[in-house]
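Coordinate analysis (summary)
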Amino acid sequence: MLNIILFGPPGSGKGTQAEKMIEKYGILHISTGDLFRYEMGNNTPLGLKAKEYMAKGELVPDEVTIGMLENKVNANPDAQGIIFDGFPRTIPQAEALDVFLKEKNTEVTLLLALDVPEEELTKRLLKRGESSGRADDRDESIIKNRIQVYKSETSQVFDYYNQVGKSVSIHGVGTIDEIFESISEAIDQACC
Ligand code: AMP
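Residues numbered from 1 in each chain as written. Predicted model: local features only at pLDDT ≥ 70, side-chain atom pairs only at ≥ 80, totals over all residues. Heavy atoms only, no water.

**Thoughts on the pattern of salt bridges**
In a structure, side chains of opposite charge can pair up when their charged atoms sit close to one another. According to the stated counting rule, one finds 13 salt bridges in the structure shown. With its nearest N and O atoms 3.6 Å apart, the salt bridge here joins E140 to K144. Of this pair, E140 and K144 both sit in helix α7 (residues 140-154), four residues apart, which is roughly one turn of that helix. Salt bridges linked by common partners bring R128, R134, D136, D137 and R146 together as one network. (Salt bridge = Lys/Arg side-chain N within 4 Å of Asp/Glu carboxyl O. Helix = DSSP H or I, 4+ residues; strand = E, 2+ residues; numbered from the N terminus.)

**Topic: the site of the ligand**
Around the ligand, a shell composed of 15 residues is seen, among which T32, R37, E58, G86 and Q93 lie nearest. For the ligand, a nitrogen atom lies 2.9 Å from a polar atom in the backbone of G86. Here R89 contributes a side-chain N or O atom positioned 3.0 Å from a nitrogen atom of the ligand. Burial of the ligand by the protein chains amounts to 96% of its free accessible area of 480 Å². Put simply, the ligand lies in the largest pocket. Counting residues per element, the shell around the ligand draws most heavily on helix α2 (residues 32-41), at four residues. Taken together, the residues that form the shell around the ligand break down as five nonpolar, five polar and five charged. (Near = heavy atom within 4 Å. Polar contact = N/O pair within 3.5 Å; in protein donor to acceptor, adjacent residues only side chain to side chain. Areas by Shrake-Rupley, 256 points an atom, 1.4 Å probe, with all protein chains shown as cover. 1 Å grid on protein atoms, 1.4 Å probe; cavity = no way out; pocket = protein on both sides within 12 Å on 5 of 7 lines; lining within 4 Å. Sits in = over half its atoms within 2 Å of the grid points. Nonpolar A, V, L, I, M, F, W, Y, C, P; charged D, E, K, R; others polar.)

This is the structure we're talking about:
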């Protein structure tokens, strides 16, 4: 199974590149942010809980996030591989993912980190906020907090997988196709 963690700060282009990866590799895409937005849109108890955190740009607690992710994977037993987009965002999430995949006799193949300068991230997110309908993309102080949370709580996940030789940094500025070419090269080198 090709299990790719698509990693990088908010606004680094994970969603855009995930679309191209689905097309080329035919694997399942799971975005925890999208799953939370779906739950929120349906006013489910999970959605209402997530909303408290998302509205401030904070992380939803690990136990809630991990349970939701595992349910989604379990609901797709025939997947040939998975793109994990926006997950794991903490070390406990990464540890839980490793245990969960091991139980399924598989593992993380690669973590691909999109590297984009901070000023560029803010610019992209504010632009996306004009059309995405996402409240957390419209407010500059929430954007700043999301980037801060990425630095303080999430960036260590890169090192966690780097220790086992699975992390690859991708230059995330350029055209969508250029960035996708770097992604494809890294995937093709790691697998198949
Ligand atoms: P995203 O769409 O990936 O930018 O995520 C939007 C928001 O959803 C984040 O700011 C968090 O509040 C929440 N979220 C998404 N994924 C996670 C995760 N793996 N752990 C905790 N919170 C998450």
